[in-house]
Amino acid sequence: DAKTTQPNSMESNEEEPVHLPCNHSTISGTDYIHWYRQLPSQGPEYVIHGLTSNVNNRMASLAIAEDRKSSTLILHRATLRDAAVYYCILRADGGSQGNLIFGKGTKLSVKP
Amino acid sequence: DTEVTQTPKHLVMGMTNKKSLKCEQHMGHRAMYWYKQKAKKPPELMFVYSYEKLSINESVPSRFSPECPNSSLLNLHLHALQPEDSALYLCASSQVQTGGRVGYTFGSGTRLTVV
């Protein structure tokens, strides 16, 4: 299984950008990079995913390194509601390796 | 409808009880999943259903019995559970397994306490 490495925790100030890093040095060519977050007492929530190119959506941006061995989830302007555990997950393009398997994630705290 | 609905939200059961957790979605997703999450730990995959057929059982004890009666509904039947089975049980759905190209939609979970 390709694995990811994330910091255990990060802190941010409200209304400032947040860059959440993820290392995945053993990524294969067909692995997609997924990000989910889990707010307290809720189920995980899909944030964004990408393969090779940077991606933007209404929630966040995903910056993928050219060699794909790392990626960064960017929250452009953190709010208190963004305090959550953020999971970076690699998913193969099919088969059992395509299932969503969670690692430890990064716990993001947002200070007012 | 873009939600996965889980009922009940909370459940307390004795070790000799039989209970069921229910999960429902109306997004036309044909893959559905059960996860278990202990406190301060990441979710762990338990079962995967694809086109209403069980495709993956991650070595889950037989006291957990999943069922997918139709494409919108997923049940988890519980029998003779142990206190260590107390956890948040999460249901998720996705378009049929096309791997990493699609995301999962999760429900809010059922918080189970076994006494």
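About the criteria used
Residues numbered from 1 in each chain as written. Chains lettered and ligands numbered in written order. Predicted model: local features only at pLDDT ≥ 70, side-chain atom pairs only at ≥ 80, totals over all residues. Heavy atoms only, no water. Helix = DSSP H or I, 4+ residues; strand = E, 2+ residues; numbered from the N terminus. Rg over C-alpha atoms; globule rule 2.2 N^0.38 Å. Buried < 20%, exposed > 50% of the residue type's maximum accessible area, 1.4 Å probe, protein only. Contact = heavy atoms within 4.5 Å. Areas by Shrake-Rupley, 256 points an atom, 1.4 Å probe, with all protein chains shown as cover. Lys, Arg positive; Asp, Glu negative; His and termini not counted. Charge placed at Lys NZ, Arg CZ, Asp CG, Glu CD. Phe/Tyr/Trp six-rings, centres within 6.5 Å; stacked < 30°, edge-to-face > 60°.

1. What about the overall build of chain B?
- Looking only at helices and strands, chain B has 0 helices and 11 strands in total.
- Ordered by position from N to C terminus, the α and β elements of chain B give β-β-β-β-β-β-β-β-β-β-β.
- Here chain B has a C-alpha radius of gyration of 13 Å; the compact-globule value for 115 residues is 13 Å, and the two agree.
- Across its three principal directions, the C-alpha atoms of chain B cover 40 × 25 × 25 Å.
- Buried positions account for 48% of the 115 residues belonging to chain B.
- Considering only contacts in chain B between residues 6 or more positions apart, those separated by 24 or more positions represent 55%.
- Taken as a whole, chain B presents about 5,600 Å² of accessible surface, with 48% of it coming from carbon and sulfur.
- Computed over 13 positive and 9 negative side-chain charges, the inter-centroid distance for chain B is 4 Å.

2. Remarks on the packing of aromatic side chains
- A full pass over the atoms with the stated rule returns 10 aromatic pairs over all chains.
- Ring plane angle 75° and centroid distance 5.6 Å describe the contact between Tyr36 of chain A and Tyr46 of chain A, whose orientation is recorded as edge-to-face. One end of the pair, Tyr36 of chain A, is in strand 3 (residues 32–38); the other, Tyr46 of chain A, is in strand 4 (residues 45–50), with 10 residues separating them in the sequence.
- A relative accessible area of 0% places Tyr36 of chain A in the buried class.
- Following the ring pairs from residue to residue traces out a cluster consisting of Tyr36, Tyr46, Tyr87 and Phe102 of chain A together with Tyr33, Tyr35, Tyr104 and Phe106 of chain B.

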